[in-house]
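Spelled out, the chains give:
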Amino acid sequence: MTWGAWGKQFSQKEMETIIHHCMANGITTFDHADIYGAYTTEKEFGTAFKDSGINRDDIQLISKCGIQYVCDNRTNEVKHYNYSKDYIIWSVEESLRHLHTDYLDLLLLHRPSPLMVAEDIAEAITILKKAGKIRDFGVSNFTPSQMEMIGLRIDIDVNQLEFSLTSHSAMHDGTLDYMKTCGIKPMSWSPLGTVFKNDNEQTRRIHKQLGVFMEKYNATEDQLLLAWILKHPSGIHPVVGTTNKKRLTQAVDATKISLDLEDWFAVLVASQGHKVP
Ligand SMILES: NC(=O)c1ccc[n+]([C@@H]2O[C@H](COP(=O)([O-])OP(=O)(O)OC[C@H]3O[C@@H](n4cnc5c(N)ncnc54)[C@H](OP(=O)(O)O)[C@@H]3O)[C@@H](O)[C@H]2O)c1
């Protein structure tokens, strides 16, 4: 999302360079969605990947479908969601064409729709799996009851959620507990939350607390924010959005940081502005 038109607007050469940098650091999974860059970024990545000389089997490609975005590349007049069987299959085939691949490692339904029909979704996913066009299936931004409704018809492997130190309702409202119970893997988007986006009382408290721990853990603020997520027992996989090579390398090293129990709570308290009850 951050590499193309909605982010740094990398050239093909720059995309190739950053793909190689990721691979050299052990980052092999790339998170896409059909809509990123108003339906342009998958294609740019696909072209860069095709010319990168990297084997398809050495990477994992995630993409998403369902959001019908209003832009020059579509005829939509109202932003909406479409999870009809035919649309899901068509959208995946478009992603495959753009990414120059014959399969996705993981397909996610981007956002829940009030009009989604579990049977239609299950049928589309079964057809795509049988054809070898997707390997795993998941959802994004789904509540426990939405996961349950779909999960009764077709296995859900992943739910990609907004989760960070500044957006952690999923660990209080039963979402992560439900996923752990059912064996659905969590991924977190925007894992750094608003910490570098906003300057307010909350982010100032967080910076102050992280400042104390930077020396103790010999870590940067971004690494501590990732380590905070990684300590959650549901096994959250952060989707790192930085385009900065040094921060990408540091993000991988964050997996080696184990926050002490009280330090994890101290960081939570800094975010909340009050102690736990
Ligand atoms: N499923 C969904 O609904 C959904 C929604 C949104 C996003 N996503 C996915 O999640 C990915 C990550 O989301 P995100 O980009 O919001 O994640 P993020 O990793 O929380 O944020 C990345 C942003 O923070 C900046 N940043 C990182 N470290 C910084 C620092 N130390 N100081 C200042 N700025 C810093 C980065 O700038 P630099 O590039 O300059 O480092 C980049 O703009 C997206 O790329 C997309 O694939 C999914």
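Here, the structure is the one placed above.
All figures in this text were calculated on a predicted structure; none of them were measured in a lab.

Visitor: Which residues make up the packing of helix 1 (residues 12-24) against helix 3 (residues 41-50), and what are the values?
Guide: Contact geometry of helix 1 with helix 3 gives a least axis separation of 9 Å together with a crossing angle of 70 degrees. Looking at the two axes, helix 1 sits roughly perpendicular to helix 3. Between helix 1 and helix 3 the crossing geometry is right-handed. Every residue of helix 3 that contacts helix 1 at Q12, M15, E16 and I19 is listed here: T41, E44, F45, T47, A48 and F49. A per-class count over the contact of helix 1 with helix 3 returns five nonpolar, three polar and two charged.

Visitor: Describe the site of the ligand, listing the residues and the values that go with them.
Guide: Taken together, 25 residues surround the ligand, and among them D31, S190, T242, T243 and R247 come closest. Between K8 and the ligand, the recorded distance is 3.0 Å, taken from a side-chain N or O atom to an oxygen atom. In the environment of the ligand, an oxygen atom lies 2.5 Å from a nitrogen or oxygen atom belonging to the side chain of T243. Notes on the ligand: free accessible area 930 Å², of which the protein chains cover 82%.

Visitor: Can you break down the sheet that holds strand 7 (residues 158-162) residue by residue, with the values?
Guide: Pairing between the strands of a sheet comes from backbone hydrogen bonds, and it takes one of two forms, parallel or antiparallel. Pairing is parallel in the open sheet, where seven strands are placed in the order 1-2-5-6-7-8-9. If you trace the sheet from one side to the other, it starts and ends with strand 1 (29-31) and strand 9 (237-238), each paired once. Two strands pair when backbone bridges link them, and strand 2 (residues 60-65) and strand 5 (residues 104-109) are joined in this way by four bridges, in the parallel orientation. Across the sheet, the residue bridging to I62 is L106, located in strand 5. Across the sheet, helix 4 (residues 85-99) touches strand 2, strand 5 and strand 6 (134-140), and the angle it forms with strand 5 is around 135 degrees.

Visitor: Could you give me a rundown of the packing of aromatic side chains, with the residues and numbers involved?
Guide: Tallied over the entire structure, the rule returns twelve aromatic pairs. When the ring of Y87 is compared with that of W90, the centres are 5.7 Å apart and the planes differ by 40 degrees; the resulting orientation is tilted. Here W90 and Y87 lie together in helix 4, a separation of three residues that amounts to about one turn. One aromatic cluster is present, formed by W3, F10, F30, F45 and F49 through successive ring pairs.

Visitor: Quick rundown of the environment of I59? Include the residues and the values.
Guide: Looking at the secondary structure, you find I59 in the loop between helix 3 and strand 2. If we skip the residues at most four places from it in the chain, I59 touches M23, T28, F30, F49, I54 and D105.

Visitor: I'd like to hear about the pattern of salt bridges, residue by residue, with values.
Guide: For the structure on display, the rule yields twelve salt bridges. For E123, the salt bridge is made with K85, and the minimal N-O distance between the two is 3.4 Å. Here E123, found in helix 5 (residues 118-130), pairs with K85, found in helix 4; they are 38 residues apart in sequence, far enough to count as distant. Residue classification places K85 among the partly exposed residues on the basis of a relative accessible area of 27%. Residues D260 and K216 are paired through a salt bridge, measuring 3.0 Å at the closest nitrogen-oxygen approach. In this pair, D260 is assigned in the loop between helix 10 (245-253) and helix 11 (261-272) and K216 in helix 8 (residues 201-217), connecting sequence segments 44 residues apart. Judged by relative accessible area, which is 48%, K216 ranks as partly exposed.

Visitor: Quick rundown of unusual backbone geometry? Include the residues and the values.
Guide: Of note in this structure, Q9 is not a glycine but carries a positive phi near 50 degrees. Among the structural elements, Q9 can be located in the segment before helix 1. The class for Q9 is exposed, based on a relative accessible area of 58%. At N141, a position not held by glycine, the phi torsion is positive, near 65 degrees. Within the secondary structure layout, N141 lies in the loop between strand 6 and helix 6 (144-151).

The rules behind the values
- Residues numbered from 1 in each chain as written.
- Predicted model: local features only at pLDDT ≥ 70, side-chain atom pairs only at ≥ 80, totals over all residues.
- Heavy atoms only, no water.
- Axes fitted to C-alpha atoms, helices over the stretch in contact; angles between N-to-C directions.
- Helix = DSSP H or I, 4+ residues; strand = E, 2+ residues; numbered from the N terminus.
- Parallel < 35°, antiparallel > 145°, perpendicular 65-115°, else oblique.
- Left-handed = near helix turned anticlockwise from the far one by under 90°.
- Contact = heavy atoms within 4.5 Å.
- Nonpolar A, V, L, I, M, F, W, Y, C, P; charged D, E, K, R; others polar.
- Near = heavy atom within 4 Å.
- Polar contact = N/O pair within 3.5 Å; in protein donor to acceptor, adjacent residues only side chain to side chain.
- Areas by Shrake-Rupley, 256 points an atom, 1.4 Å probe, with all protein chains shown as cover.
- Pairing = 2+ DSSP bridges.
- Phe/Tyr/Trp six-rings, centres within 6.5 Å; stacked < 30°, edge-to-face > 60°.
- Salt bridge = Lys/Arg side-chain N within 4 Å of Asp/Glu carboxyl O.
- Buried < 20%, exposed > 50% of the residue type's maximum accessible area, 1.4 Å probe, protein only.

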